[in-house]
Amino acid sequence: MKDDAKSRKGELREHLKVSILTLRLRPGADLDEAHLSDAFGLSRTPLREVFRQLAGEGYLDLRTNRSARVSEMSYTTLRDFFLAAPMVYGAILRLAALNATAVQIDDLKDAQQTFKAALRSGSGADRALANNRFHDVTGEMSGNVYLLPSFNRLLIDHARIGMTFYRPQAGKMSQNLSLASQQHDAIIAAIEARDDATAAKLAEDHWNLSRDQIELFVMPDALDVPMGAPPLSKPA
């Protein structure tokens, strides 16, 4: 019985994570606890345990005496994302090149094959999730308990604001996806070679590729701070 409840909690957790990453659950959406309880056969206590886990990882916001909701994507969070992402991504890949195990490198290669398959015949959601898994493995490789929580939080919003990137509407966007896959291959090669400097440079190149496209859809008009440069002052 306990194993069955644990399995259903795991299924709910995965369902919510995928739904949030692929925007089936929109930022700021309230969760229907009664529906989820019925759908997964869970009482309120284990349901809330899952919510607390996901809130700790950045997927959900918990509010006193109100339903849990999907974490917001506000002006402030977008601004912070664009400032922090290149620095954190570079540090993660540098550490990945220094610390990756043979098993982790094999996992990264498997993730890349899944990404390539998604590019050939998958949906936008398939592509976003496959890309997320690729970068998730690089985070595991870094082995840094301080950087990893920040990196995992960045990956949530990277997947969400990058959904348009993985549903290309023009030829240039399709070309960028092909280039992104090539950069993944180069990242794997740099990590295998223990070349941390090249890995960090590839992180910058890879970020710039997705950033330029994402900016077309989500960058606030008033935000013209160069990416990765701290602002002189906070907005009023």
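Definitions and cut-offs
Residues numbered from 1 in each chain as written. Predicted model: local features only at pLDDT ≥ 70, side-chain atom pairs only at ≥ 80, totals over all residues. Heavy atoms only, no water. Helix = DSSP H or I, 4+ residues; strand = E, 2+ residues; numbered from the N terminus. Buried < 20%, exposed > 50% of the residue type's maximum accessible area, 1.4 Å probe, protein only. Contact = heavy atoms within 4.5 Å. 1 Å grid on protein atoms, 1.4 Å probe; cavity = no way out; pocket = protein on both sides within 12 Å on 5 of 7 lines; lining within 4 Å. Points joined across faces, edges and corners; volume = space filled by probe spheres on them. Nonpolar A, V, L, I, M, F, W, Y, C, P; charged D, E, K, R; others polar. Domains from an automatic or database assignment. Salt bridge = Lys/Arg side-chain N within 4 Å of Asp/Glu carboxyl O. Core = buried A, V, L, I, M, F, W, Y, C linked by side-chain atoms within 4.5 Å. Polar contact = N/O pair within 3.5 Å; in protein donor to acceptor, adjacent residues only side chain to side chain. Axes fitted to C-alpha atoms, helices over the stretch in contact; angles between N-to-C directions. Parallel < 35°, antiparallel > 145°, perpendicular 65-115°, else oblique. Left-handed = near helix turned anticlockwise from the far one by under 90°.

Visitor: I'd like a description of the overall build of the protein chain, backed by residues and values.
Guide: Check the secondary structure of the protein chain and you find nine helices and two strands. Across the 236 residues in the protein chain, those meeting the buried criterion constitute 46%. Partitioning the contacts of the protein chain with sequence separation of at least 6, the portion at a separation of at least 24 is 74%.

Visitor: So what's going on with the layout of surface pockets? Residues and values would help.
Guide: Of the voids in this model, the largest pocket is the one considered here, and its volume is about 310 Å³. Forming the walls of the largest pocket are 14 residues, and the residues nearest its centre are Lys-17, Leu-21, Tyr-59, Asn-132 and Asp-136. Listing elements by their share of the lining of the largest pocket, those giving two or more residues are helix 1 (2–21), helix 6 (124–142) and helix 7 (147–161). When residues of the lining of the largest pocket are assigned to their parent elements, the largest contribution, five residues, is made by helix 1. Split by residue class, the lining of the largest pocket holds six nonpolar, two polar and six charged. When we break the lining of the largest pocket down by domain, the ones giving at least three residues each are domain 1 (5–70) and domain 2 (75–221).

Visitor: Go over the pattern of salt bridges, please, and point to the residues and values.
Guide: A complete count under the given rule lists 15 salt bridges for this structure. Of the charged contacts, one joins Asp-80 and Arg-79 as a salt bridge, the two residues approaching to 3.9 Å between their closest N and O atoms. Classification of Asp-80 by relative accessible area gives partly exposed; the value is 40%. On the accessibility criterion, Arg-79 (8% relative accessible area) is buried. Among the salt bridges present, the one from Arg-153 reaches Asp-157, with a minimum N-O distance of 3.2 Å.

Visitor: Lay out the nonpolar core with the relevant residues and their values.
Guide: Counting residues in each nonpolar core, the largest one holds 31 residues, and the members touching the most others are Phe-81, Tyr-89, Leu-108, Met-141 and Ile-191. When residues of this core are traced back to their parent elements, those giving at least two are helix 4 (75–99), helix 5 (102–121), helix 6, helix 7, helix 8 (171–192) and helix 9 (196–218). The biggest single contributor to this core is helix 4, with ten residues. Leave out the neighbours within four places in its chain, and Met-141 touches Leu-95, Ala-96, Asn-99, Ala-100, Gln-104, Ile-105, Leu-108 and Ile-191. Residues Ile-20, Leu-31, Phe-40 and Ala-159 belong to the second largest nonpolar core, which totals 19 residues.

Visitor: Would you mind going over the side chain of Thr-22 in detail, with residue names and values included?
Guide: Looking at the secondary structure, you find Thr-22 in the loop between helix 1 and helix 2 (33–40). Using a relative accessible area of 8% as the deciding quantity, one classes Thr-22 as buried. Looking at Thr-22, its side chain comes within polar contact range of the main-chain oxygen of Val-18, at 2.7 Å.

Visitor: Describe the packing of helix 5 against helix 6, and please don't skip the residues or the numbers.
Guide: Running from amino to carboxyl end, helix 5 crosses helix 6 at an angle of 165 degrees, the nearest separation of the two axes being 8 Å. By the criterion of interaxial angle, the relationship of helix 5 to helix 6 is roughly antiparallel. Crossing geometry of helix 5 relative to helix 6 is assigned as left-handed. Of helix 6, the residues touching helix 5 (which contributes Gln-104, Ile-105, Asp-107, Leu-108, Ala-111, Gln-112, Thr-114, Phe-115, Ala-118 and Leu-119) are Asp-126, Arg-127, Ala-130, Asn-131, Arg-133, Phe-134, Val-137, Thr-138, Glu-140 and Met-141. Across the contact of helix 5 with helix 6, the residue classes tally to ten nonpolar, five polar and five charged.

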